[in-house]
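What follows is each chain in one-letter form.
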Amino acid sequence: RRPKAAIAVRNDLDSIVTALVLARERRNVPFFYVCAQHELMDFLRGKATDIDESTDLLLVGFTAQPVPSETIAAAAVYRGQISWFDHHEWPIEDLERLREAIGEDSVFGADGGSSPLAAVMEIAERGSRFTDKLLDFSGRR
């Protein structure tokens, strides 16, 4: 775990709330980018290349779409730096390919849950009244 984290989040409410909780957890977040699912490849091949190697890259709420093999290959470039938080149900072959590409310990919650927030809360070490209130408002408690 590096001291800084860059967060790219899918533009849906559950993912954004999750990314906010993750940002509170990580504290030092110099880059917070919100985009649509179809813009993920542009992000990985464009803006993400500007992120310093001493900064973790956290993807929240994205699936490996529109072409899973290309998306996973683009994410593999950031192996050791990237963590992927999702809640959508993935085809098992894509999920296994992602785990192999970026590391088993870098994939969180891609098992068909209702929100990627559960995956973040499993690894969260810091708590705060703000985070608790955010969870209450999001209806996740």
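Definitions and limits used
Each chain has its residues counted from 1, following the order in which its sequence is written. Only residues with pLDDT of at least 70 are given local features in this predicted model, and only at 80 or more are side-chain atom pairs given and counted; all residues enter the totals for whole chains, interfaces and linings. Neither water nor hydrogens contribute to the side-chain values; these are computed over all heavy atoms in the structure. Only strands that DSSP links by at least two bridges are regarded as paired with each other. Each helix is a run of H or I in the DSSP string that is no shorter than four residues. Each strand is a run of E no shorter than two, and both are numbered from the N terminus. Each aromatic pair joins two rings of Phe, Tyr and Trp (for Trp, the six-membered one) with centres within 6.5 Å, and gets the label stacked for planes under 30 degrees apart, edge-to-face for over 60, and tilted for any other angle. Three labels apply to residues, based on accessible area from a 1.4 Å probe with only protein chains included: buried if under 20% of the type maximum, exposed if over 50%, partly exposed otherwise in between. The way it works is a 1 Å grid over only the protein atoms, where trapped points that fit a 1.4 Å probe form a cavity and open points with protein on both sides within 12 Å along at least five of seven lines form a pocket, and then any residue with an atom within 4 Å of a point lines it. Grid points are joined across faces, edges and corners, and a volume is the space filled by probe spheres set on the points. Residue polarity follows a fixed list, in which Ala, Val, Leu, Ile, Met, Phe, Trp, Tyr, Cys and Pro are nonpolar, Asp, Glu, Lys and Arg are charged, and the others, Gly among them, are polar. We define a polar contact as two N or O atoms separated by no more than 3.5 Å, with the added condition that, inside protein, one atom must be a possible hydrogen donor and the other a possible acceptor, whereas residues neighbouring each other in sequence contribute only through side-chain atom pairs. Contact criterion: two residues are considered in contact whenever any of their non-hydrogen atoms come within 4.5 Å of each other. It is the directions from the helix axis to the C-beta atoms whose arc is reported. Take a side-chain nitrogen of Lys or Arg and a carboxyl oxygen of Asp or Glu: if they are within 4 Å of each other, that pair is a salt bridge.

*Asks:* Can you walk me through the sheet that holds strand E1 (residues 4-10) in this structure?
*Replies:* By definition, the strands of a sheet pair up through backbone hydrogen bonds, in either a parallel or an antiparallel sense. Strand order in the open sheet formed by five strands is E2-E1-E3-E4-E5, with parallel pairing between adjacent strands. Of all the strands in the sheet, just strand E2 (31-35) and strand E5 (107-108) have a single pairing partner and so form its edges. Here two bridges tie strand E4 (residues 82-85) to E5, and the two strands are oriented parallel to one another. Note on E5: the bridge partner recorded for Trp-84 is Val-107.

*Asks:* Please clarify how the packing of aromatic side chains should be interpreted in this entry.
*Replies:* In this description, an aromatic ring pair is defined by two values, namely the gap between the centres and the angle between the planes. One pass over the structure, following the stated rule, counts five aromatic pairs. Their ring planes at 20 degrees and their centres at 6.0 Å tell us that Phe-31 and Tyr-33 sit as a pair that is stacked. Here Phe-31 falls in the partly exposed class, since its relative accessible area comes to 23%. Each ring, one from Trp-84 and one from Trp-90, has its centre 5.6 Å from the other, and the planes form 80 degrees; the classification is edge-to-face. Assigned by exposure class, Trp-84 and Trp-90 land together as buried. Members of the aromatic cluster, connected to one another through ring pairs, are Phe-31, Tyr-33 and Phe-43.

*Asks:* Even after reading the chapter, I still don't get the layout of surface pockets, so can you show me in this structure?
*Replies:* Empty space within the largest pocket amounts to approximately 270 Å³. Lining the largest pocket are 18 residues, with Arg-1, Arg-26, Asp-56, Leu-58 and Ser-83 sitting closest to its centre. Those elements that provide at least two residues to the lining of the largest pocket are helix H1 (13-26), strand E3 (55-60) and E4. Residue composition of the lining of the largest pocket, grouped by class: seven nonpolar, four polar and seven charged.

*Asks:* What's the story with the side chain of Ser-106 in this structure? I'm lost.
*Replies:* Topologically, Ser-106 is positioned in the loop between helix H4 (92-102) and E5. Exposure remark for Ser-106: the relative accessible area of 13% places this residue in the buried category. Engagement of the side chain of Ser-106 in a polar contact is seen with the backbone oxygen of Ile-102, the distance being 3.3 Å. The residues touching Ser-106, leaving out its near neighbours within four places in the chain, are Ile-82, Ser-83 and Trp-84.

*Asks:* Would you mind showing me how to read H4 here?
*Replies:* Because each turn of an α-helix spans 3.6 residues, side chains separated by three or four positions end up pointing in the same direction. Where H4 is concerned, the buried positions are Asp-94, Leu-95, Leu-98, Ala-101 and Ile-102. Looking straight down H4, one finds that the buried residues subtend no more than 130 degrees of arc, so they occupy a single side. Along H4, the residues that are exposed and aim more than 90 degrees away from the buried face are Ile-92 and Glu-100. Looking at the buried side of H4, the elements it contacts are helix H3 (68-76), E4 and E5. Once H4 ends, the next one or two residues include Gly-103, with phi positive near 110 degrees.

*Asks:* Looking at this structure, I do not really get the pattern of salt bridges. What am I missing?
*Replies:* Pairs can form between side chains of opposite charge once their charged atoms are near each other. On inspection of all chains with the given rule, the structure shows six salt bridges. Here Asp-56 and Arg-2 are joined by a salt bridge, their closest N and O atoms 2.8 Å apart. Remark: Arg-2 occurs in the segment before E1 and Asp-56 occurs in strand E3; sequence separation between them is 54 residues. Residue Asp-56 is classed as buried on the basis of its relative accessible area, which comes to 7%.

Bear in mind that shape data such as this cannot, by itself, settle questions of function.
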